[in-house]
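Structure assessment
Spelled out from the first residue to the last, the chains are:
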Amino acid sequence: MTADTKQGQHWLADSYSEHAHFVPALGQPVLELLRPSPGERILDLACGDGVLTEKIAASGAAVVGVDAAPDMVNAAGKRGLDARVMDGLALQFKHEFDAVFSNAALHWMKSDPDAVIAGVARALKPGGRFVAEMGGHGCIASIAVAIVAVMARYGVDAQRLIPWYFPTVDDYRARLERQGFMVDYIELIPRPTPLPTDMTGWLEVFAATFFSRLPEQQRSAARDEVIELLRPVLCDERGRWTADYMRLRFRAHLPA
Ligand code: BEZ
């Protein structure tokens with residue numbers, strides 16, 4: 001679930017597991033779309049701490065997990081998984097997998113989505129499938145707007161720093177087709193997502209890119225301003241936070 005460690009974003013397995021364990025927990029629909037079978041060889045692209053990789057392995061498939069964040073790969077390795085540090089923008093595999101799976105990670109690989117898809121196509125055997133879910137168009141729109149507005153008060157152009165790529169159905173379908181995939185299914189799905197802790201935890205795990213640009217002594221004040229802007233729209237009367245997630249889910253395959 002984690003990708004690029006650049007952009008001031010540092011992925012730590014303990015913090016991820018405390019504030020973001022909902023990410024793999026909500027991965028069941030995309031796992032069902034994958035339908036792994038015993039004997040298949042599957043690549044989990046940006047496997048994070050391996051929670052879903054382990055579920056794929058439980059189907060009897062042989063799974064390799066890759067992630068750009070060493071701490072997450074270490075956590076996945078502790079589950080007994082074959083997990084390797086590798087950048088999703090530069091996958092090193094050639095025609096060896098029956099399927100490539102990815103959950104909640106492709107939106108972090110913003111700098112070159114076509115290179116990611118090309119690497120997936122290269123990693124697959126002829127006829128292989130690419131099954132994934134990522135943030136889609138409109139994902140966390142209110143959170144992004146609040147961050148940009150607050151960072152402007154601190155003299156930072158946060159629009160320029162946005163690390164996420166949230167494509168439309170048409171955009172992503174066209175990219176898949178350009179790399180030779182046939183798209184079996186693709187859908188943009190609104191999924192308001194209750195947060196297990198609160199917005200502070202979410203910002204800490206997912207929005208470090210922005211706050212790391214500020215001097216240390218300004219960071220918590222800026223975070224609090226973002227939280228107060230968002231409270232009326234994302235927090236209910238009992239203090240429960242829900243993030244405005246949109247998912248883009250798809251299944252595509254290469255010609256046999
Ligand atoms: C997502 O999984 O959709 C997501 C996570 C963090 C930031 C933005 C989107």
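Residues numbered from 1 in each chain as written. Predicted model: local features only at pLDDT ≥ 70, side-chain atom pairs only at ≥ 80, totals over all residues. Heavy atoms only, no water.

With that settled, the discussion passes to unusual backbone geometry. For alanine 46, which is not glycine, the phi dihedral falls at a positive 65 degrees. In this fold, alanine 46 is placed in the loop between β1 (41-45) and α4 (51-58). With a relative accessible area of 3%, alanine 46 lands in the buried category. Located in the positive-phi region is alanine 104, a residue other than glycine, with phi close to 55 degrees. Along the chain, alanine 104 falls in the loop between β4 (97-103) and α6 (113-123). In this structure alanine 104 comes out as buried when scored by relative accessible area, which is 8%. (Helix = DSSP H or I, 4+ residues; strand = E, 2+ residues; numbered from the N terminus. Buried < 20%, exposed > 50% of the residue type's maximum accessible area, 1.4 Å probe, protein only.)

Next up on the list: the side chain of aspartate 44. Examined against the element boundaries, aspartate 44 turns out to sit in strand β1. Although aspartate 44 is buried, it forms no salt bridge, and the closest oppositely charged side chain is arginine 79 at an N-O distance of 9.6 Å. In this structure the side chain of aspartate 44 is engaged in a polar contact, spanning 2.7 Å, whose partner is the side chain of threonine 53. Once residues lying within four places of it in the same chain are set aside, the contact partners of aspartate 44 are Leu52, Thr53, Ile56, Val63, Val64, Gly65, Val66, Phe101 and Ser102. (Lys, Arg positive; Asp, Glu negative; His and termini not counted. Salt bridge = Lys/Arg side-chain N within 4 Å of Asp/Glu carboxyl O. Polar contact = N/O pair within 3.5 Å; in protein donor to acceptor, adjacent residues only side chain to side chain. Contact = heavy atoms within 4.5 Å.)

Neighbouring residues of the ligand: Ala104, His107, Trp108, Gly135, Cys139, Ile140, Trp164, Phe166, Trp202, Phe206, Tyr245 and Arg247. Interatomic distance of 3.4 Å between a side-chain N/O atom of histidine 107 and an oxygen atom of the ligand. Within the side chain of arginine 247, an N or O atom sits 2.4 Å from an oxygen atom of the ligand. For the shell around the ligand, the elements supplying multiple residues, two or more each, are α9 (199-206) and β7 (242-253). Here the residues of the shell around the ligand are counted per class, giving nine nonpolar, two polar and one charged. (Near = heavy atom within 4 Å. Nonpolar A, V, L, I, M, F, W, Y, C, P; charged D, E, K, R; others polar.)

For the rest of this paragraph, the subject is the sheet that holds β1. In a beta sheet, neighbouring strands are held together by backbone hydrogen bonds and run either parallel or antiparallel to one another. Strand order in the open sheet formed by seven strands is β3-β2-β1-β4-β5-β7-β6, with mixed pairing between adjacent strands. The open sheet has two edge strands, β3 (82-85) and β6 (182-194), and neither has a second partner. On average, adjacent strands in this sheet sit at an angle of 15 degrees to one another, irrespective of strand direction. Where strand β2 (residues 62-67) meets β3, four bridges bridge the pair, whose relative direction is parallel. (Pairing = 2+ DSSP bridges. Axes fitted to C-alpha atoms, helices over the stretch in contact; angles between N-to-C directions.)

It is worth spelling out helix α11 (residues 216-234) at this point. Side chains three or four residues apart in an α-helix point the same way, a direct result of the helix having 3.6 residues per turn. Here α11 spans 26 Å end to end across 19 residues, near enough to the 27 Å set by a 1.5 Å rise per residue. At glutamate 228, α11 shows its largest kink, close to 25 degrees, and the proline proline 232 lies no more than four residues downstream. Close packing links the buried residues of α11 with α7 (141-153), α9, α10 (208-211) and β7. (Expected span 1.5 Å × (residues − 1). Bend = angle between axes of the 7 residues up to and from the residue.)

The next point concerns the environment of leucine 26. Relative to the helices and strands, leucine 26 is located in the loop between α2 (22-25) and α3 (28-34). Overall, the relative accessible area of 33% leaves leucine 26 in the partly exposed class. Taking the C-alpha atoms as reference points, leucine 26 and threonine 193, 167 residues apart in sequence, are found 9.1 Å from one another. The contact partners of leucine 26, leaving out residues within four places of it in the chain, are Arg191 and Thr193.

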